[in-house]
Amino acid sequence: MEGAPCICLVLFLLKLLACVVEMKAELPLVINTWPFRNATEAAWRVLEAGGSVLDAVEKGCAQCEIDQCDGSVGYGGSPDENGETTLDAMIMNGNTMEIGAVAQLRRIKNAIGVARAVMEHTKHTFLVGESASLFAESMGFMREDLTTNHSRSIHSKWLDQSCQPNYWKNVVPDASKSCGPYHPFKGVKNEKQSPLQQKINVHNHDTIGMIAIDKAGNVAVGTSTNGATHKIPGRVGDSPIPGAGAYADSVVGGAAATGDGDIMMRFLPSYQAVEYMRMGSDPTAACQKAIGRIQKYFPNFFGAVICANSTGSYGAACNKIPGFKEFHFTVFRMGLSKPIDEVVICI
């Protein structure tokens, strides 16, 4: 009987090893917001070939920029009030905590590529506007027109319907009825909105947010978007903001968000979700908690978060509002021959 404890210990260690192997069998993993399969597959091919998670995220988000995913990523979509399309993007290395980000990028189609150039060729984290575009050109990125016939048509129709909807408030002339230029309204604040003055929703704004994890558990995240349609020129949403649009820590995992960036960036939901996972929450619970924090203040906001931990478990959550009761995201992991669409019911 003296050998019984040793046998039990060996069996326990074997079971523990089996659990570890089972969890690791889920890696590598690519997960991204919305059913953007081409982007997921592009990222997966990089990991499958032994490429880095940064290469995978860049390639995946760049594919969406090429495909103009839903018209809300890449060139030729979401024109601002002047009819111009500008791009926001971010990439983060979960091993080194290095980040590269750009916002209000003009004339350059490969926003995620420029974001990575910021990370790898400067000591900065975030470049914006015309200066970001000049930086991109100095790094060899091609100067191109981001406007298309489609984006011109969107802008023209918006002007024809008295610039509705828009994102102004407490101004004269009445932004709910007419176009600008606007000036501050100096009387009692009036934040009433016409039926056309809708918040950002699934019909006028998406973002690709991507998480990539390789076999060793290295994590990287990235985002790319052309922002909200008819945004006030100069507006930057949550996508390029570290901790808001996405966040990664290879010790824990990664998260990415999509939705009404003007609301979501105030809560840093991606950072918060990673911290929830750090404290022991599984990915689904972490995403739900991040959404719940925003719900307390803005119960009718449009948004969703995806989460994955460094062992390959993943989940998502979204806020339930009229017209948005479930959220679709895409996954490619070991054992699959192609990316799959997954759905989560909003809370």
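All values derive from a computational prediction rather than experimental measurement.

A. Spatial organisation of the sheet that holds strand β11 (residues 303-309). Reading across the sheet, the four strands line up as β9-β10-β11-β12 and stay open at both edges, with antiparallel pairing between neighbours. With one partner strand each, in any of the chains shown, β9 (246-249) and β12 (314-318) form the two edges of the open sheet. When strand polarity is set aside, the average angle formed by the axes of neighbouring strands in this sheet is 10 degrees. Taken together, the four bridges between β9 and strand β10 (residues 253-259) define a ladder with antiparallel strand orientation. Within β10, the residue paired with A246 across the bridge is A256. The sheet contacts of helix α8 (residues 269-278) involve β9, β10 and β11, and relative to β10 the element is tilted by about 145 degrees. Sitting on the sheet, helix α9 (residues 283-295) touches β11 and β12, and the angle it makes with β12 is about 25 degrees.

B. Spatial organisation of unusual backbone geometry. Cis geometry marks the peptide bond from V172 to P173, where omega comes out at -5 degrees. Mapped onto the fold, P173 is located in the loop between β5 (171-172) and β6 (183-184). For the bond running from G180 to P181, omega is 10 degrees, close enough to zero to count as cis. Mapped onto the fold, P181 is located in the loop between β5 and β6. The phi torsion at D70 lies on the positive side, around 55 degrees, for a residue other than glycine. Considering the arrangement of structural elements, one finds D70 in the loop between α3 (53-67) and β2 (87-93). Look at Q104: it is not a glycine, yet its phi comes out positive at around 55 degrees. The topology assignment puts Q104 in strand β3 (residues 99-105).

C. Quick peek at the packing of α3 against helix α4 (residues 111-121). Taken N-terminus to C-terminus, the directions of α3 and α4 make an angle of 150 degrees; their axes are 8 Å apart at the nearest point. When the axes of α3 and α4 are compared, the pair comes out roughly antiparallel. Within the contact between the two elements, α3 uses L54, D55, E58, C61, A62 and E65 and α4 uses A111, I112, G113, R116 and M119. Split into classes, the residues belonging to the contact of α3 with α4 amount to six nonpolar, one polar and four charged.

D. Quick look at the pattern of salt bridges. Applying the stated criterion to the full structure yields 14 salt bridges. D55 is paired through a salt bridge with R116; the nearest N and O atoms lie 2.5 Å apart. Here D55 is found in helix α3, whereas its partner R116 is found in helix α4, with 61 residues between them in sequence. One salt bridge connects R106 with E130, and the closest N-O pair in it is separated by 3.3 Å. With R106 in the loop between β3 and α4 and E130 in helix α5 (residues 129-138), this pair connects stretches of sequence that are 24 residues apart. Within the structure, one salt-bridge network assembled from shared partners comprises E84, R106, R107, E130, E137 and R143.

E. Inspection of α4 at higher detail. In terms of residue burial, α4 counts as a mostly covered element, since nine of its eleven residues are buried. Burial in α4 covers these residues: A111, I112, G113, V114, A115, R116, A117, V118 and M119. Elements that come into contact with the buried residues of α4 comprise α3, β2, β3, β4 (126-128), α5 and β8 (219-225).

F. Seen up close, the environment of P79. Mapped onto the secondary structure, P79 falls in the loop between α3 and β2. The exposure class assigned to P79 is buried, which follows from its relative accessible area of 0%. On a C-alpha basis, the gap between P79 and A228 in space is 8.0 Å, while along the polypeptide they are 149 residues apart. Aside from chain neighbours lying at most four places away, what touches P79 is E84, T85, S151, I154, H155, A228, T229, H230 and K231.

G. Region of the structure containing the nonpolar core. Membership of the largest hydrophobic core comes to 89 residues, with the highest contact counts inside it found for V305, F327 and F329. Once you skip the residues sitting within four places of it in the chain, F329 turns out to touch I31, N32, T33, W34, I306, Y314, A316, I340, D341, E342, V343 and V344.

H. Structural context of the UniProt feature "binding site: substrate" (unreviewed entry) in the protein chain. Look at the UniProt record and you will see "binding site: substrate" (unreviewed entry) annotated at R235, V236, G237, D238, T258, G259, D260 and G261. With respect to the secondary-structure elements, D238 resides in the loop between β8 and β9. Excluding its chain neighbours within four sequence positions, the residues that come into contact with D238 are A244, G245, A257, G261, M264 and M265. Among the structural elements, G261 can be located in helix α7 (residues 261-264). The exposure class assigned to G261 is buried, which follows from its relative accessible area of 0%. Among residues more than four places away in sequence, those in contact with G261 are R235 and D238.

I. Spotlight on the sheet that holds β4. In spatial order, the strands read β4-β3-β2-β8-β7-β1-β13-β14; together these eight strands make up an open sheet with mixed pairing. Every interior strand has two partners, whereas the edge strands, β4 and β14 (340-345), have only one. Direction aside, the axes of adjacent strands within the sheet are offset by 15 degrees on average. Two strands pair when backbone bridges link them, and strand β7 (residues 208-213) and β8 are joined in this way by six bridges, in the antiparallel orientation. Looking at the pairing, G209 lines up with T223 of β8. α3 contacts β2, β7 and β8 of the sheet and is inclined by roughly 155 degrees relative to β7. On top of the sheet, α4 reaches β2, β3, β4 and β8; it is set at about 135 degrees to β3, its chief contact.

Parameters at a glance
Numbering of residues starts from 1 in each chain and follows the order in which that chain's sequence is written. Since the coordinates come from a predicted model, pLDDT governs what is reported: local features require at least 70, and pairs of side-chain atoms require 80 or more to be given and counted, while whole-chain, interface and lining totals use all residues. To obtain the side-chain values, all non-hydrogen atoms of the structure were included, while hydrogens and water were left out. Pairs of strands are assigned from DSSP output, requiring at least two bridges between the strands. Helix numbers and strand numbers start at the N terminus; a helix is a DSSP run of H or I with at least 4 residues, a strand a run of E with at least 2. Simply put, an axis is a line fit to the C-alpha atoms, just over the touching stretch for a helix, and the angle between two N-to-C directions goes from 0 to 180 degrees. Whether two residues touch is decided by their heavy atoms; if any such pair falls within 4.5 Å, the residues are in contact. For classification purposes, an angle smaller than 35 degrees is called roughly parallel, one larger than 145 roughly antiparallel, one from 65 to 115 roughly perpendicular, and anything else oblique. Gly counts as polar in this scheme, as do all residues outside two lists: the nonpolar Ala, Val, Leu, Ile, Met, Phe, Trp, Tyr, Cys and Pro, and the charged Asp, Glu, Lys and Arg. For this document, the term salt bridge refers to a Lys or Arg side-chain nitrogen within 4 Å of an Asp or Glu carboxyl oxygen. To sort residues, take the accessible area from a 1.4 Å probe on protein chains only and compare it with the maximum for the residue type: under 20% means buried, over 50% means exposed, and anything in between is partly exposed. Nonpolar cores are built from buried Ala, Val, Leu, Ile, Met, Phe, Trp, Tyr and Cys residues. Side-chain atoms within 4.5 Å join them into one set. UniProt positions are given in the numbering used here, feature names are shortened, and annotations may be inferred rather than shown by experiment.

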